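# Close look at the chain arrangement
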Amino acid sequence: MNSQLQRQGSATAVQGTGYTSDQGSPRLRRVTSSRSDQNGPQFNWRPASAAQEDAGQEAAVPPKDLRALPMPMALKRAISQVQQMQVPVLSSFQSWKRSKAKSLSRARKSIGGFLHYITLWRRSLNKIGGNFGDGVQSYFLFLRFLVVLNFLSSMLIIGFVLIPSIVFRSVASDSVNMTDNGTAECRQYDHKPDPLVRYFSYFLDLLSGTGFMEYTYLFYGYYRNTMVAESDFSYNIPLAYLFTAVFYFAFCLICITARAGTAVRVAVATGGGATGSYSRIVFTGWDFGCLSDRATKLKQKNLHYQLQVDLEEERIKNEAASLTLRRKVLLYSSRILLSLVAFGLIIAAFYGIYQATTFSQRKVKETGVLGLFYEYLPSIVITVGNFVVPVLCDQIALLERYNPSITVIVALLRSVFLRMVSLGVLLFTLWSQITCFEGVSEECALCHYNHKSYPCWETRVGQEMYKLTLFDLLITLAMLVLVEFPRRMVVDNSSNKLIQFVGRQEFLVPVNVLGLVYGQTVVWTGALFCPLLPLINTLKFVIVFYAKKITLFSNCRPAAKTFRSTKSKVFFLLVLLFGWSLALVALIYSIAEIHPSMSCGPFHSLVSMWAIVPDSFYSLSLTTQGFLYFIGSQRFSIPLFLFFSVVMCYFIALASVYGKSVDLLKAQLKLEARDKQFLVKQIEELSRTLGVAK
């Protein structure tokens, strides 16, 4: 009886899998082997398509993957070998289609393996994740993403702006300069560097972006308003300059959005929390590709840090759930008070940046080392504020007693507000002196900007962004050499209890991530005025990667409090998107509102940078103008809007259905877990009742 039930269960288990049981068809039952009375499932060894044709009126069931069937590995291997030996009769089109699909699959796998092999810093990132956890690894992954983003962006700028400008400058006889306007006083600009300078002055110019650096393709003022027009070719440098800047921002937005979408999908798939992740880590977290002892230890440490984060968050949640009403009131009151203190520190930093920038612009004519100090004074004040205030805010966040993930987010929010708005204060101070909107209109009445202090104001803004980028790199290297290495040496070679209690430094992920976001925001802000700034930032981030890696393994200890990297990756990209938005505001204001310099740059003959677009539009043919008018008309935009609305509604509905399905599956898993717990309790009670020994 039992054997009959087992045979019936086996036959039922394999129905609908594409491997037809011999008990499912009387005709197939006649050719059953002598071993058909065994309890294991019986299979049709022919391909599933042939079995379905022989089945006649039976319903066609899509075959399942052989790997998904609950069978021994030896039996799966035997079935696969038999199926490969039996070649079905296919038409020429089906044979061609199958061969192309196999070739495409092999090519996709080969390309994927090659890309995985050449992935930038792959081994270093695995080593970092194994020794310091996913939180620290997420910082270096974020840094790698910015390196690739800046490199591709610099290639875009070099291809469409730099190389055409160099080529057209060398063949200036074939180019046409657009008509200049404005008075002679507005066009005064000493754009020729002094050939007789000391060698030390070259070093100062390299740090400040002035002197010989000012008259290179690095800055806006060196580009010309050249338009090459021939019978079969035309190229407009001002239009290419403007559109490249716009496409550069659009390209960065697409890359950030795509990466954020991937991170959000991972966060949703993992549940975004610790609940239910223990089983996933224990049963599916191990990488069976780890063959060497070194790789095995790294993976063990990585799983250890993940479990540590989960357990710590669960502990803090349990403590928060057990608080009384009085303790909750005290906790929230202290958080509000500490938040006000942190906000006051940030406002004080803003005021210091404003005063430093104003003082630096007054001392712009100073030369030598003192002049270099005045030029770097805003960068110094911003760097000091970004270093001191976040440290104080981090200590305040520890007193607020959030869980690790929330602590990271709060620290990031405060640092974001400090760093991004500090850059906004710097730009506001510069623009207030360039456009004279503080009430001093005499200096700007003639040329619509302060031409005496800023004869080429775009280059001056580009120099400020260049100095901020370079100073950020110098500070990173100086901290490595002058602070982090000496601290490690003192800790390792001293037996003082206080020094040992302080110990080596921890790698603070929020501070370092905000440093990257701040540096990238500076590059976005200055890319219009310093076109090669993305290329400089690429080299800077490569140096920062190796510097941070050295200090991580040589000078840092594993963090006492780790955090979950899934949510943090999403938040890092949202912060980066906020920096992109701030830079976009600066770009739009510079293009549309401020009058371009009349003495330099590709737009010196126009009333605004955007004026090149309508001028170029009316120079097109009537057919092209009509097509562009149609693209911008309601006849095209309204149907396009409706189409995208329908597509968006479809994806929203699809996401809602998938979300409900995921919720139902999670609820089902919880119910099954409760049923298992109930059954275990019932077994224990029955065992105690019957006196069965465990």
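Residues numbered from 1 in each chain as written. Predicted model: local features only at pLDDT ≥ 70, side-chain atom pairs only at ≥ 80, totals over all residues. Heavy atoms only, no water.

An unreviewed UniProt entry annotates the protein as Transmembrane channel-like protein of Gadus morhua. The record in UniProt for the protein states the following under Sequence similarities (unreviewed entry): "Belongs to the TMC family." Note on the protein: under the UniProt heading Subcellular location (unreviewed entry), the record states "Membrane". (UniProt positions renumbered as here; feature names shortened; annotations may be inferred.)

## Points about the overall build of the protein
On a plain count of helices and strands, the protein comes out with 22 helices and 5 strands. Relative to its full complement of 694 residues, the protein shows a buried share of 40%. Expressed as a percentage of contacts within the protein between residues at least 6 apart in sequence, the contacts between residues at least 24 apart total 77%. In the structure as shown, the protein presents an accessible area of about 40,300 Å², 65% of it carried by carbon and sulfur atoms. (Helix = DSSP H or I, 4+ residues; strand = E, 2+ residues; numbered from the N terminus. Buried < 20%, exposed > 50% of the residue type's maximum accessible area, 1.4 Å probe, protein only. Contact = heavy atoms within 4.5 Å. Areas by Shrake-Rupley, 256 points an atom, 1.4 Å probe, with all protein chains shown as cover.)

## Focus: the side chain of Q137
Its location among the elements puts Q137 in helix α6 (residues 122–170). For Q137, a relative accessible area of 14% gives the class buried. With residues near it in sequence (within four places) discarded, Q137 still touches L125, N126, I128 and G129.

## Quick notes on the packing of α6 against helix α18 (residues 533–555)
Interhelical geometry of α6 versus α18 gives an angle of 170° and a closest axis separation of 8 Å. Comparing the axis directions of α6 and α18 gives the class roughly antiparallel. (Axes fitted to C-alpha atoms, helices over the stretch in contact; angles between N-to-C directions. Parallel < 35°, antiparallel > 145°, perpendicular 65-115°, else oblique.)

## Here's the deal with the pattern of salt bridges
Oppositely charged side chains may form a pair once their charged atoms are brought near each other. Going through the model one piece at a time under the given rule, you end up with 3 salt bridges. Two residues, K540 and D472, come together in a salt bridge whose shortest N-O distance is 2.9 Å. Of the two residues, K540 sits in helix α18 while D472 sits in helix α15 (residues 457–493), which places them 68 residues apart along the sequence. D472 matches K540 in its accessibility class, with the two residues each being buried. (Salt bridge = Lys/Arg side-chain N within 4 Å of Asp/Glu carboxyl O.)

## Quick word on the packing of aromatic side chains
Applying the stated rule across the entire model yields 29 aromatic pairs. For the ring pair Y376 and F471, a centre distance of 5.6 Å and an interplane angle of 45° mean the geometry is tilted. In this pair, Y376 sits in the loop between α12 (368–375) and α13 (377–400) while F471 sits in helix α15, placing the two residues 95 residues apart along the sequence. Per residue, the accessibility class of Y376 equals that of F471, and both read buried. The interplanar angle of 65° and the centroid separation of 5.7 Å between the aromatic rings of F643 and F644 together place this pair among those described as edge-to-face. Residue classification places F644 among the partly exposed positions, given a relative accessible area of 47%. Grouped by ring-pair contacts, the aromatic residues W121, Y139, F140, F507, F545 and Y546 constitute a single cluster. Against the face of F553 rests K127, its NZ or CZ located 4.9 Å from the ring centre. (Phe/Tyr/Trp six-rings, centres within 6.5 Å; stacked < 30°, edge-to-face > 60°. Lys NZ or Arg CZ within 6 Å of the ring centre and 35° of its normal.)

## Notes on empty space enclosed by the protein
Tallied over the full model, the rule gives 5 cavities of 30 Å³ or more. Empty space within the largest cavity amounts to approximately 100 Å³. Lining the largest cavity are I157, V161, Y241, T244, A245, Y248, F249, W524, A527, L528, P531 and L587. Take the lining of the largest cavity: its biggest share by element is 5 residues, from helix α8 (residues 237–269). In the lining of the largest cavity, the residues fall into 11 nonpolar, 1 polar and no charged. (1 Å grid on protein atoms, 1.4 Å probe; cavity = no way out; pocket = protein on both sides within 12 Å on 5 of 7 lines; lining within 4 Å. Points joined across faces, edges and corners; volume = space filled by probe spheres on them. Nonpolar A, V, L, I, M, F, W, Y, C, P; charged D, E, K, R; others polar.)

## A word on the environment of K328
Here K328 is to be found in helix α11 (residues 325–362). Since its relative accessible area comes to 33%, K328 is described here as partly exposed. Leave out the neighbours within four places in its chain, and K328 touches A320 and L323.

## Examining unusual backbone geometry
Note on backbone geometry: most residues besides glycine have negative phi, and most peptide bonds are trans. Of note, the phi angle at W121 is positive, near 60°, even though the residue is not glycine. Examined against the element boundaries, W121 turns out to sit in the loop between α5 (92–117) and α6. In this structure W121 comes out as buried when scored by relative accessible area, which is 9%.

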